[in-house]
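# Working through the structure, step by step
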Amino acid sequence: MGELLTVLFIGTCLFLPGIILAFTAKDKGRKVGLIMMAAGLFIYLVCFLFFPNNDHYRI
């Protein structure tokens, strides 16, 4: 369970600064912010799909 919390923390560390950059920065910073937001959301999605008790998807 500690691995999952670590990955969620990394996703949060990408997503929240991405929101800040996307809405406050200029052109180049906005692009980086959107990429960070997308990476954070992708990490959240992967954690949701590969959570051990998830009925939606199992390997």
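Preceding block: the structure.
The structure displayed is predicted, hence computed values, not measured ones.

## Regarding the overall build of the protein chain
Tallying secondary structure elements over the protein chain gives 2 helices and 0 strands in all. Across the 59 residues that make up the protein chain, the buried fraction comes to 22%. Restricting the contact set of the protein chain to residue pairs at least 6 apart, pairs at least 24 apart contribute 42%. Accessible surface, the protein chain: about 4,700 Å² in total, of which carbon and sulfur atoms supply 74%.

## Quick notes on the packing of helix 1 (residues 2-24) against helix 2 (residues 27-49)
Orientation of helix 1 relative to helix 2, taken along the N-to-C sense of each, is 155°, at an axis distance of 7 Å. When the axes of helix 1 and helix 2 are compared, the pair comes out roughly antiparallel. The interaxial crossing formed by helix 1 with helix 2 has left-handed handedness. A breakdown of the residues in the contact of helix 1 with helix 2 according to their chemical character gives 20 nonpolar, 6 polar and 1 charged.

## Here's the deal with helix 2
With 23 residues, helix 2 should cover 33 Å at 1.5 Å per step; its first-to-last C-alpha distance of 33 Å lies within 8% of that length. For helix 2, the full list of buried residues reads Gly33, Met36, Met37, Gly40, Ile43 and Cys47. For helix 2, the elements touching its buried residues are helix 1.

Cut-offs used in this document
- Residues numbered from 1 in each chain as written.
- Predicted model: local features only at pLDDT ≥ 70, side-chain atom pairs only at ≥ 80, totals over all residues.
- Heavy atoms only, no water.
- Helix = DSSP H or I, 4+ residues; strand = E, 2+ residues; numbered from the N terminus.
- Buried < 20%, exposed > 50% of the residue type's maximum accessible area, 1.4 Å probe, protein only.
- Contact = heavy atoms within 4.5 Å.
- Areas by Shrake-Rupley, 256 points an atom, 1.4 Å probe, with all protein chains shown as cover.
- Axes fitted to C-alpha atoms, helices over the stretch in contact; angles between N-to-C directions.
- Parallel < 35°, antiparallel > 145°, perpendicular 65-115°, else oblique.
- Left-handed = near helix turned anticlockwise from the far one by under 90°.
- Nonpolar A, V, L, I, M, F, W, Y, C, P; charged D, E, K, R; others polar.
- Expected span 1.5 Å × (residues − 1).

Purely geometric stuff here, so don't read any function into it on its own.
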